[in-house]
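Reading the structure
The residues making up each chain are set out below.
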Amino acid sequence: DTGVSQDPRHKITKRGQNVTFRCDPISEHNRLYWYRQTLGQGPEFLTYFQNEAQLEKSRLLSDRFSAERPKGSFSTLEIQRTEQGDSAMYLCASSPQGRSYEQYFGPGTRLTVT
Amino acid sequence: QKEVEQDPGPLSVPEGAIVSLNCTYSNSAFQYFMWYRQYSRKGPELLMYTYSSGNKEDGRFTAQVDKSSKYISLFIRDSQPSDSATYLCAMKGGGATNKLIFGTGTLLAVQP
């Protein structure tokens, strides 16, 4: 399977704990995106990487959230001191060079904060 | 007011019906218009993308964009039970921004 992969698929954590998610984009795609989706809503943009550079961040990405893409391949999204409001599906997408309208999504990581 | 408005449904149709799904938007800077299909607890799947106004057809799916009315549509012909899913419209402006702005999604149920 050459699509976008995400790990883990599900994460249950207690409030106040830190969590980290991983995303592996489609191999030839140099652009990578993180979105968050809550029940009954469409995905909301969090951040965007072109290669290893983080070029765009949403106001939704509070200082408890950090994302990295150190070698321009896989990316990690870390949430520190989780809150119940962080419970959501975290989606990763990738797109080819110059075609940011053509974003392909992974299966998502479902986070539940208890 | 949200930048992208989409009727959440649910929309229930009999198998074989023509389905019409719609979104309206307020930001005239949007230039790219996408439709995604999302099955329950899965990631969104890109169905089609369109640049500016006009029509685009792909098999049983047709996307229409009317920029003058800020209105986009997705038509599904000969609908099948396997088409039952949430359909999300998404839009992107030109220029430096790379983020997609999504509607809330319309839940479609095709009854056999």
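Please refer to the structure placed before this passage.
Residues numbered from 1 in each chain as written. Chains lettered and ligands numbered in written order. Predicted model: local features only at pLDDT ≥ 70, side-chain atom pairs only at ≥ 80, totals over all residues. Heavy atoms only, no water.

1. Considerations on the sheet that holds strand β1 (residues 5-7) of chain A
All names here are of chain A.
- One open sheet holds the 4 strands; their spatial order is β1-β3-β8-β7, and the pairing between them is antiparallel. Only two strands of the sheet have a single partner each, and these edge strands are β1 and β7 (65-68). Adjacent strand axes in the sheet meet at a mean angle of 15°, parallel and antiparallel pairs treated alike.
- Note that β1 and strand β3 (residues 19-24) share 3 bridges and pair antiparallel. Its bridge partner lying in β3, aspartate 7 is registered against arginine 22. (Pairing = 2+ DSSP bridges. Helix = DSSP H or I, 4+ residues; strand = E, 2+ residues; numbered from the N terminus. Axes fitted to C-alpha atoms, helices over the stretch in contact; angles between N-to-C directions.)

2. Section: the nonpolar core
- Judged by nonpolar contacts, the single largest core of 25 residues is most densely connected at Val4, Trp35, Ile72, Leu74, Ile76, Tyr87 and Met91 of chain B.
- Breaking this core down by element, the ones donating at least two residues are β3 (19-25), β4 (30-38), β5 (45-51), β7 (61-66), β8 (71-76), β9 (85-93) and β11 (106-111) of chain B.
- Apart from residues no more than four positions distant in its own chain, valine 4 of chain B is found in contact with Cys23, Thr24, Tyr25, Phe30, Cys89, Met91, Ile101, Phe102 and Gly103 of chain B.
- Among the nonpolar cores identified, the runner-up in size contains 19 residues, and Val4, Phe21, Ile26 and Leu32 of chain A belong to it. (Core = buried A, V, L, I, M, F, W, Y, C linked by side-chain atoms within 4.5 Å. Buried < 20%, exposed > 50% of the residue type's maximum accessible area, 1.4 Å probe, protein only. Contact = heavy atoms within 4.5 Å.)

3. Comments concerning the packing of aromatic side chains
- For the structure shown, the criterion picks out 14 aromatic pairs over all chains.
- Their ring planes at 5° and their centres at 4.5 Å tell us that tyrosine 101 of chain A and tyrosine 32 of chain B sit as a pair that is stacked. In this pair, tyrosine 101 of chain A sits in the loop between β9 (88-95) and β10 (104-105) while tyrosine 32 of chain B sits in strand β4, so the two residues belong to two different chains. In terms of burial, tyrosine 101 of chain A and tyrosine 32 of chain B fall into one category: buried.
- Ring pairs connect the aromatic residues Tyr35, Phe45 and Phe105 of chain A together with Tyr36 and Phe102 of chain B, which therefore count as one cluster.
- One Lys or Arg, lysine 56 of chain B, reaches over the ring of tyrosine 49 of chain B and ends 4.1 Å from the middle of that ring. (Phe/Tyr/Trp six-rings, centres within 6.5 Å; stacked < 30°, edge-to-face > 60°. Lys NZ or Arg CZ within 6 Å of the ring centre and 35° of its normal.)

4. Observations regarding the interface of chain B and chain A
- Opposite the 21 residues of chain B that make contact, chain A presents 24 residues.
- In total, about 1700 Å² of surface goes out of reach between chain B and chain A, with carbon and sulfur atoms giving 54% of it.
- Put simply, chain B and chain A have 0 salt bridges between them.
- On the surface where chain B and chain A come into contact, there are 12 residue pairs in polar contact (both at pLDDT 80 or more).
- Of all the secondary structure elements, the ones that give two or more residues to the side of chain B that touches chain A are β4, β5 and β9 of chain B. (Buried area = accessible area lost by both parts, 1.4 Å probe. Salt bridge = Lys/Arg side-chain N within 4 Å of Asp/Glu carboxyl O. Polar contact = N/O pair within 3.5 Å; in protein donor to acceptor, adjacent residues only side chain to side chain.)

5. Observations concerning the state of the cysteines
All names here are of chain A.
- According to the stated counting rule, one finds 2 disulfides over all chains in the structure shown.
- Covalent S-S linkage joins cysteine 23 and cysteine 92, the inter-sulfur distance amounting to 1.8 Å. The sign of the S-S torsion, about -65°, decides the handedness of the disulfide formed by cysteine 23 and cysteine 92: left-handed. Of this pair, cysteine 23 sits in strand β3 while cysteine 92 sits in strand β9, placing them 69 residues apart in sequence. When sorted by exposure, cysteine 23 lands in the same class as cysteine 92, which is buried. (Disulfide = S-S within 2.5 Å.)

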